[in-house]
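# Tertiary structure, described
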Amino acid sequence: MSLTATFSFKIQILCLTLCSTALLSYAFTAQDYSSAFEKSILFFEGQRSGKLPSNQRQTWRGNSGLSDGSSNHVDLVGGYYDAGDNVKFGLPMAFTTTLLAWSVIEFGGSMHNQVENARAAIRWGTDYLLKAATANPRTLYVQVGDPNLDHKCWERPEDMDTPRNVYKVSAQNPGSDVAAETAAAVAAASIVFKDSDPSYSRKLLQTAMNVFEFADKYKGSYSDSISSAVCPFYCSYSGYHDELLWGASWIHRASQDTSYLNYIRSNGHTLGADDDDYSFSWDDKRPGTKVLLSKYVTTSTFLLLTYAKYLNLHGGVAKCGSSTITSEKLIAQAKKQVDYILGANPAKMSYMVGFGDRFPQHVCGMMGSSLPPVHAHPDKINCNNGFQYLYSSSPNPNPLVGAIVGGPDSRDNFVDDRNNYLQFEPATYINAPFIGALAFFSENH
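Okay, so let's go over this structure.

Thresholds, definitions, all that
- Residues numbered from 1 in each chain as written.
- Predicted model: local features only at pLDDT ≥ 70, side-chain atom pairs only at ≥ 80, totals over all residues.
- Heavy atoms only, no water.
- Helix = DSSP H or I, 4+ residues; strand = E, 2+ residues; numbered from the N terminus.
- Buried < 20%, exposed > 50% of the residue type's maximum accessible area, 1.4 Å probe, protein only.
- Areas by Shrake-Rupley, 256 points an atom, 1.4 Å probe, with all protein chains shown as cover.
- 1 Å grid on protein atoms, 1.4 Å probe; cavity = no way out; pocket = protein on both sides within 12 Å on 5 of 7 lines; lining within 4 Å.
- Points joined across faces, edges and corners; volume = space filled by probe spheres on them.
- Disulfide = S-S within 2.5 Å.
- Lys, Arg positive; Asp, Glu negative; His and termini not counted.
- Salt bridge = Lys/Arg side-chain N within 4 Å of Asp/Glu carboxyl O.
- Pairing = 2+ DSSP bridges.
- Axes fitted to C-alpha atoms, helices over the stretch in contact; angles between N-to-C directions.
- Parallel < 35°, antiparallel > 145°, perpendicular 65-115°, else oblique.
- Left-handed = near helix turned anticlockwise from the far one by under 90°.
- Contact = heavy atoms within 4.5 Å.
- Nonpolar A, V, L, I, M, F, W, Y, C, P; charged D, E, K, R; others polar.
- Phe/Tyr/Trp six-rings, centres within 6.5 Å; stacked < 30°, edge-to-face > 60°.
- Lys NZ or Arg CZ within 6 Å of the ring centre and 35° of its normal.

## Regarding the overall build of the chain
Along the chain, the regular secondary structure elements total 18 helices and five strands. Per-residue burial over the chain gives 62% buried out of 445 residues. Counting every atom, the chain has about 17300 Å² of accessible surface; 51% of that belongs to carbon and sulfur.

## Notes on empty space enclosed by the protein
Taken as a whole, the largest cavity encloses approximately 40 Å³ of empty space. Along the walls of the largest cavity sit Gly 90, Tyr 128, Leu 129, Ala 132, Leu 140, Tyr 141, Val 142, Gln 143, Val 178 and Thr 182, which together make up its complete lining.

## Focus on the state of the cysteines
Taken as a whole, this structure holds two disulfides when the rule is applied. The residue that forms a disulfide with Cys 153 is Cys 383, at a sulfur-sulfur distance of 2.0 Å. Disulfide Cys 153-Cys 383: torsion about the S-S bond near -90 degrees, hence left-handed. By relative accessible area, Cys 153 is classed as buried at 6%. A relative accessible area of 14% means that Cys 383 is categorised as buried. What pairs with Cys 231 in a disulfide is Cys 235, and their sulfur atoms sit 1.8 Å apart. Of note, the bridge from Cys 231 to Cys 235 carries an S-S torsion of about 135 degrees and is right-handed in sense.

## A look at the side chain of Lys 39
Here Lys 39 lies in helix H3 (residues 30-46). Comment: no salt bridge for buried Lys 39; closest opposite-charge side chain is Glu 38, at 6.3 Å.

## Some points on the pattern of salt bridges
A complete count under the given rule lists 14 salt bridges for this structure. Asp 127 is the partner of Arg 123 in a salt bridge, and the nearest nitrogen-oxygen pair spans 3.9 Å. Residue Arg 123 and its partner Asp 127 are located together in helix H5 (residues 115-134), separated by four residues, close to a single helical turn. On the basis of relative accessibility, which here comes to 28%, the residue Arg 123 falls in the partly exposed class. Salt-bridge contacts for Asp 216 lead to Lys 219; the nearest nitrogen and oxygen are separated by 3.0 Å. With a relative accessible area of 42%, Lys 219 lands in the partly exposed category.

## Points about the pairing of strand E4 (residues 317-320)
Residues Ala 318 and Cys 320 of E4 are buried on one face, while the alternating residues Val 317 and Lys 319, pointing to the opposite face, are not. Of the pairings in the sheet, the one linking E4 to strand E5 (residues 323-326) comprises four bridges and is antiparallel in character. The partner of Val 317 across the bridge, within E5, is Thr 326. A loop of two residues connects E4 with E5, the two strands running antiparallel in sequence, and Gly 321 in this loop sits at a positive phi of about 65 degrees.

## Things to note about the packing of helix H7 (residues 176-192) against helix H8 (residues 198-217)
Viewed as axis vectors pointing N to C, H7 and H8 meet at an angle of 160 degrees, and their least axial separation amounts to 8 Å. Between H7 and H8, the angle falls in the class roughly antiparallel. Taken as a pair, H7 and H8 cross one another with a handedness that is left-handed. From H7, Ser 176, Ala 179, Ala 180, Thr 182, Ala 183, Val 186, Ala 187, Ala 189 and Ser 190 reach across to H8, where they touch Ser 201, Leu 204, Leu 205, Thr 207, Ala 208, Val 211, Phe 212, Phe 214 and Ala 215. Of the residues contributing to the contact of H7 with H8, the split by class is 13 nonpolar, five polar and no charged.

## Remarks on the environment of Gln 172
Topologically, Gln 172 is positioned in the loop between strand E3 (166-170) and H7. Judged by its relative accessible area of 62%, Gln 172 falls in the exposed class. Spatially, the C-alpha atom of Gln 172 lies 8.9 Å from that of Ser 225, the residues being 53 residues apart in sequence.

## Concerning the packing of helix H11 (residues 241-255) against helix H12 (residues 258-267)
It is the contact of H11 with H12, at a shortest axis distance of 8 Å, that shows an interaxial angle of 150 degrees. The angle between H11 and H12 falls in the class roughly antiparallel. Remark: the crossing between H11 and H12 carries left-handed chirality. Listed contacts from H12 to Leu 244, Leu 245, Ala 248, Ser 249, Ile 251, His 252 and Ser 255 of H11 are Thr 258, Tyr 260, Leu 261, Tyr 263 and Ile 264. Tallied by class, residues from the contact of H11 with H12 come to eight nonpolar, four polar and no charged.

## Quick notes on the packing of aromatic side chains
Following the criterion strictly, the structure yields 23 aromatic pairs and no others. With centroids separated by 6.2 Å and ring planes inclined at 35 degrees, the aromatic side chains of Phe 89 and Phe 233 adopt a geometry described as tilted. Taken as a pair, Phe 89 in strand E1 (residues 88-89) and Phe 233 in the loop between helix H10 (227-230) and H11 lie far apart in primary sequence, 144 residues in all. According to the relative accessible area criterion, Phe 233 is partly exposed, its value standing at 22%. Ring pairing ties together the aromatic residues Phe 28, Tyr 33, Trp 102, Phe 107, Trp 246, Trp 250, Phe 302, Phe 355, Phe 440 and Phe 441, which thus form one cluster. The lysine or arginine in question, Arg 123, covers the ring of Tyr 200, its NZ or CZ lying 3.7 Å from the ring centre. One Lys or Arg, Lys 309, reaches over the ring of Phe 107 and ends 5.8 Å from the middle of that ring.

## Brief notes about the sheet that holds strand E2 (residues 139-144)
Spatially, the three strands line up as an open sheet ordered E1-E2-E3, and their pairing is antiparallel. The outermost strands of the open sheet, each flanked by one partner alone, are E1 and E3. Sitting on the sheet, H5 is in contact with E1 and E2, with an inclination near 130 degrees to E2.

Written out as structure tokens, the structure is:
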């Protein structure tokens, strides 16, 4: 069997998802999916760091982190805050960018008048990643901000007074995981911009190749190199093998350079391509790699739809043990998961901020969402003074429209409480794969 077929039909993650409990049915229209899709992209504007553009739509946000990188004499302004804090973590930011790009690659044809906003979301990430990857040779800047100190404050990013420490990986202190994920992100983005901005696309692809070479030559986990700065926040628990396969897969797809396919053929077994795994996340890329070469609901939904698309190119049917899996079954399961998030659930509640009549009001997301906006309260709110807003029972004054929260527990219990960060903290890497699913159902409802 060919390498592509071998990867394509390793669908354990899909079989596991299909065995999950059936969800409630609910009649959403194409307009509903389109509205949710537009909001899911808008969310990323609320997570921006740096100097905001004139067409910024989350208008309660302001400029922030304008001196990021200056302590190391590099420009690291821009990028995204990952979730509710004011730290720029490189690994989840790169994964977010990869997933945004993959969503446009697979479902961009269904995005219509929102495709430019989707590209803008990708470019906000890649512009930053390019800076991080090209500032100095054999160096990748992977984080700005001290999470241990940042998490002791509750303040708007516009008011940040916590240290903006800069962290990097290098030949001496490697980080193959974050470097290979960065390579995947800019390689995937190079496909998105190939027609609309060819010169930018070429720059992205060349950077991807350079960063991947660095990741593969100087092997090691960034968790070991800069431990306390990333652990326990974004430790690379799965190691770096999965990211190396992931990065090589994306560069091969972007460049059609067979040397990267040969790399996967030569190293796939050693790097864990045969390992069974059911969770596709910012940390573990093996399920995504298998689908590309062929624990989050949004990521599993995206993989279901993408695999269904690929499956249609190979007969539309696959075997999973004694079960027969069709693309129609995969799409139906993905729709149930999307609908659940949008309100087809026992609580009859949308878990996307701003969508539907009932949605979370006390989101533990971007800190600025829960504090007064800068234009209404221009005086600085320092580190400790912000906690009164965290503990307030009042709804967030600045809805983080489009944010998908963590969601209910296994028994569908959900308490609208800002302090319950496990259920209430949205993140960029939760939203990123969901935009592709929403774009699909806006045309195929």
